[in-house]
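# Fold and contact review
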Amino acid sequence: MIRAPRRLAAMGVCLACGLAVWGCGVPDDGAPRTIMESALPAEITDPPTTTSTTADVATSVIEMFLLDDDRLAAVPREVIRPVEAAAVLEQLLVGPSEEERAGGLTTQLSSGWELRSVDLAGRTLVIDLGSETIEVLEGQTQRQAIAQIVFSATALAGVDDVLIQIGGNPRPLPTDDGEADGATPVDRDDYRSLEPTG
């Protein structure tokens, strides 16, 4: 029985396959080569881009009151929700923006005033100020400052009137009708002569 030719043929097939595989490999040039960018895959030359987004912050627009000549003027302010009375009053103390000042709006309040605490007792907002606040004002300017606070505070939901203290102590407040007892809250009716026109 003669089998040598078959064995030789099989060896020839294996040799041919080996040469084909070797021919498909990466040639060894022995030195680095420069590869043109056009020859690179798109995923290398154009890597995917990623973007980061900041979560939306919920805000509300509330009314604060500045002065337009001798009367109050309502201006909108955007604040973070939930709306905190202390944050609203802090913005009120900042006063008019440059654009608002250019339009003639002013304030009797000062950004340097100390806001000691703000608490809601029922529907009365109790505001405790430092000593160097409304105490430095007199007469009409003091009444305007208090009216700004009262109208801005009562623009908030759940607030009907305001009790202002100085250093934790009750303080009599000037109103349209004279002077309110420091233990009695005041509301917008106490400052109708200063309410916005129109």
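A quick note: this is a predicted structure, and the numbers were derived from the prediction, not measured. (Residues numbered from 1 in each chain as written. Predicted model: local features only at pLDDT ≥ 70, side-chain atom pairs only at ≥ 80, totals over all residues. Heavy atoms only, no water.)

A few words now on the overall build of the protein. Across its full length, the protein holds five helices and nine strands. Summarising the internal contacts of the protein: among those between residues at least 6 apart in sequence, 56% fall at separations of at least 24. Surface exposure of the protein reaches about 13,100 Å², of which carbon and sulfur atoms provide 53%. (Helix = DSSP H or I, 4+ residues; strand = E, 2+ residues; numbered from the N terminus. Contact = heavy atoms within 4.5 Å. Areas by Shrake-Rupley, 256 points an atom, 1.4 Å probe, with all protein chains shown as cover.)

Taking 1.5 Å of rise per residue, 15 residues should cover 21 Å, and helix H5 (residues 139-153) covers 21 Å from first to last C-alpha, within 8% of that figure. Among the 15 residues that make up H5, 12 are buried, leaving the element largely enclosed by the rest of the structure. Among the residues of H5, Gln-142, Arg-143, Gln-144, Ala-145, Ile-146, Ala-147, Gln-148, Ile-149, Val-150, Phe-151, Ser-152 and Ala-153 are the ones counted as buried. For H5, the secondary structure elements touched by its buried residues are strand E1 (59-68), strand E2 (71-80), helix H3 (85-94), strand E5 (124-129), strand E6 (161-166) and strand E8 (173-175). (Expected span 1.5 Å × (residues − 1). Buried < 20%, exposed > 50% of the residue type's maximum accessible area, 1.4 Å probe, protein only.)

This part takes up the layout of surface pockets. In this structure, the largest pocket occupies an estimated 160 Å³ of space. If you trace the largest pocket, you find it lined by Val-83, Glu-84, Ala-85, Ala-86, Val-118, Asp-119, Leu-120, Leu-125, Leu-156, Ala-157 and Val-159. Those elements that provide at least two residues to the lining of the largest pocket are H3 and strand E4 (115-121). Sorting elements by how many residues they give to the lining of the largest pocket places E4 first, with three residues. (1 Å grid on protein atoms, 1.4 Å probe; cavity = no way out; pocket = protein on both sides within 12 Å on 5 of 7 lines; lining within 4 Å. Points joined across faces, edges and corners; volume = space filled by probe spheres on them.)

Next up on the list: the packing of aromatic side chains. Considering all chains together, one arrives at one aromatic pair under this definition. Ring geometry for Phe-65 and Phe-151: centres 5.5 Å apart, planes at 65 degrees, overall edge-to-face. Residue Phe-65 is located in strand E1, and its partner Phe-151 is located in helix H5; the two are separated by 86 residues in the primary sequence. Both residues of the pair, Phe-65 and Phe-151, count as buried. (Phe/Tyr/Trp six-rings, centres within 6.5 Å; stacked < 30°, edge-to-face > 60°.)

Okay, the sheet that holds E2 next. The pairing of strands in a sheet comes from backbone hydrogen bonds and takes either a parallel or an antiparallel form. The three strands lie next to each other as E2-E1-E3, forming an open sheet whose pairing is antiparallel. Of all strands in the sheet, those bounded by a partner on one side alone are E2 and strand E3 (105-106). Across two bridges, E1 lies against E3 in antiparallel orientation. When the bridges of E3 are listed, Asp-68 appears paired with Leu-105. On top of the sheet, H3 reaches E1 and E2; it is set at about 40 degrees to E1, its chief contact. (Pairing = 2+ DSSP bridges. Axes fitted to C-alpha atoms, helices over the stretch in contact; angles between N-to-C directions.)

It is possible for side chains of opposite charge to pair when their charged atoms get near one another. Counted under the stated rule, the structure contains seven salt bridges. A salt bridge links Arg-123 to Asp-160; its shortest N-O distance comes to 2.7 Å. Of the two residues, Arg-123 sits in the loop between E4 and E5 while Asp-160 sits in the loop between H5 and E6, which places them 37 residues apart along the sequence. What makes Arg-123 partly exposed here is its relative accessible area of 46%. Overall, Asp-160 belongs to the partly exposed group, its relative accessible area being 41%. Of the charged contacts in the structure, one is a salt bridge between Asp-189 and Arg-192, with a shortest N-O distance of 2.9 Å. Each of Asp-189, Arg-192 and Glu-195 takes part in a single network of salt bridges with overlapping partners. (Salt bridge = Lys/Arg side-chain N within 4 Å of Asp/Glu carboxyl O.)

Here the residue pair Arg-81 and Pro-82 is connected by a cis peptide bond, since its omega of -5 degrees sits within 30 degrees of zero. Along the chain, Pro-82 turns up in the loop between E2 and H3.

Read from one edge to the other, the open sheet built from four strands follows the order E4-E5-E6-E7, with strand pairing classed as mixed. Each edge of the open sheet is held by one strand with a lone partner, namely E4 and strand E7 (169-170). As paired strands, E6 and E7 are joined by two bridges and run antiparallel to one another. Across the sheet, residue Gln-165 finds its bridge partner in E7, namely Pro-170. Along the sheet face, H3 touches E4 and E5 and points at about 135 degrees away from the line of E4.

These results come straight from atomic positions and should not be treated as a statement about function.
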